[in-house]
Amino acid sequence: MTHTDATAHERHVRAGTAADGPYALDIDPKTAGWGYTALRILELRPGGSHLLGAGDSEWIVLPLSGGCTVQTEGETMELLGRESVFAGVTDFAYVPRDAHAQIASGAGGRFALAGAKCERRLPARYGPAPEVPVEHRGTGNCARRVNNFAAADTFECDRLIAVEVFTPGGNWSSYPPHKHDEHRPGEETRLEEIYYFEIDGEHGFGYQRVSPSRPGGTDLLAEVRGGDAVLVPDGWHGPSIAAPGHDMYYLNVMAGPGPERQWRICFHPDHTEGYR
């Protein structure tokens with residue numbers, strides 16, 4: 001296996017290969033080889049519960065399927081959740097660093113825990129589903145829907161940025177390819193990113209491309225299926241392609257070292273003409 005092949009293998013985390021205890025997926029900064037961004041997928045049986053120790057990170061509890069109760073910092077937040085990621089927008093809960101949170105589900109479910117190492121300790125808060133801004137990007141076969149539940153300008157966090165993207169079967173998203181791996185004030189912010197995928201349909205799949213933005217950078221073309229994740233420490237990422245007949249969902253979790261929490265990106269100059 002060449003160095004490039006080894007790197008590509010590490011960047012594509014297949015479903016089940018990073019499971020740990022109650023987590024179907026457990027990616028932290030140490031295992032990812034970077035400084036800030038984390039993602040866990042928590043699976044609870046009916047009547048199950050889990051104690052989350054936030055440590056030095058802030059977290060958002062986001063229902064993927066089912067609902068739950070989150071108790072933290074003297075607050076009890078009832079998350080109605082949703083039947084599946086394809087059923088629409090969900091409510092969510094914010095858990096600050098240095099806190100403990102009890103997550104319990106009467107009917108059971110699957111919950112994304114999106115995290116980022118941070119410095120400030122913000123208050124625990126509930127995020128109502130009706131207040132999540134929904135954005136429609138692109139046209140034609142590049143149309144997709146974005147739920148900006150924890151975008152940089154919609155919900156306060158210290159470092160964490162997270163959004164959901166829904167791509168209809170046969171469409172491209174995360175396009176034109178873009179990057180955010182340099183600190184260029186006013187133009188680009190340095191952010192590590194995790195893509196977590198769910199695919200509609202038992203045999204559905206999609207593709208994720210990450211191409212180098214500098215010599216020796218990330219170079220990946222992955223066939224992704226439900227439960228897979230792709231780590232993007234650098235590089236041009238996109239397109240994300242949904243197979244015809246199978247809608248694709250991905251959760252984007254981002255954080256970085258910049259002095260301000262911003263999502264500033266640079267589009268690939270070879271793929272913007274005639275598109276934007």
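This section reports on the structure supplied with the text. (Residues numbered from 1 in each chain as written. Predicted model: local features only at pLDDT ≥ 70, side-chain atom pairs only at ≥ 80, totals over all residues. Heavy atoms only, no water.)

**Thoughts on the layout of surface pockets**
So the rule is basically this: In this analysis a 1.4 Å probe is tested at points of a 1 Å grid over the protein atoms alone, and where it fits but cannot get out there is a cavity; an open set with protein on both sides within 12 Å along at least five of seven lines is a pocket; lining residues have an atom within 4 Å of a point. Grid points are joined across faces, edges and corners, and a volume is the space filled by probe spheres set on the points. Counting from the N terminus, the helices are the DSSP runs of H or I reaching at least four residues and the strands are the DSSP runs of E reaching at least two. Residue polarity is assigned by list, with Asp, Glu, Lys and Arg as charged and Ala, Val, Leu, Ile, Met, Phe, Trp, Tyr, Cys and Pro as nonpolar; anything else, Gly included, falls into the polar class.
Within this model, the largest pocket holds a volume of roughly 550 Å³. Together, 29 residues line the largest pocket, and Glu135, Arg137, Asn148, Trp263 and Ile265 are the ones closest to its centre. Breaking the lining of the largest pocket down by element, the ones donating at least two residues are β11 (134-137), β12 (144-150), β13 (161-167), β16 (192-199) and β21 (248-255). Split into classes, the residues belonging to the lining of the largest pocket amount to 14 nonpolar, eight polar and seven charged. As for the second largest pocket, its lining consists of 20 residues, and the residues nearest its centre are Gly258, Pro259, Glu260, Arg261 and Gln262. Class assignment for the residues of the lining of the second largest pocket results in five nonpolar, six polar and nine charged.

**Quick notes on the packing of aromatic side chains**
Cut-off, in case you're wondering: What counts as a ring pair is set by centres within 6.5 Å for rings of Phe, Tyr and Trp (its six-membered ring), and what kind of pair is set by the plane angle: stacked under 30 degrees, edge-to-face over 60, tilted for all other angles. For each residue, the accessible area found with a 1.4 Å probe, counting protein chains only, is set against the maximum for its type, and the residue is called buried under 20%, exposed over 50%, and partly exposed in between. Each ring is checked for a lysine NZ or an arginine CZ that lies within 6 Å of its centre and within 35 degrees of its normal; such an atom marks a charge sitting over the ring.
Scanning all chains against the criterion turns up nine aromatic pairs. Taking 5.0 Å as the distance between ring centres and 75 degrees as the angle between the ring planes, the aromatic pair formed by Phe92 and Phe155 counts as edge-to-face. Highlighted residues: Phe92 in strand β7 (residues 92-95) and Phe155 in the loop between β12 and β13, separated in sequence by 63 residues. Exposure remark for Phe92: the relative accessible area of 2% places this residue in the buried category. For Phe155, a relative accessible area of 12% corresponds to the buried category. Taken together, Phe92, Tyr94, Phe149 and Phe155 form an aromatic cluster joined through their ring pairs. Sitting over the ring of Tyr94, Arg125 keeps its end group 4.5 Å from the ring centre.

**A look at unusual backbone geometry**
Residue Pro176 follows Tyr175 across a cis peptide bond; omega there is 0 degrees. In this structure, Pro176 sits in the loop between β14 (172-173) and β15 (178-179). Residue Pro239 is bonded to the preceding Gly238 through a cis peptide linkage, with omega at 5 degrees. With a phi close to 55 degrees, Glu73 is a non-glycine residue in the positive phi region.

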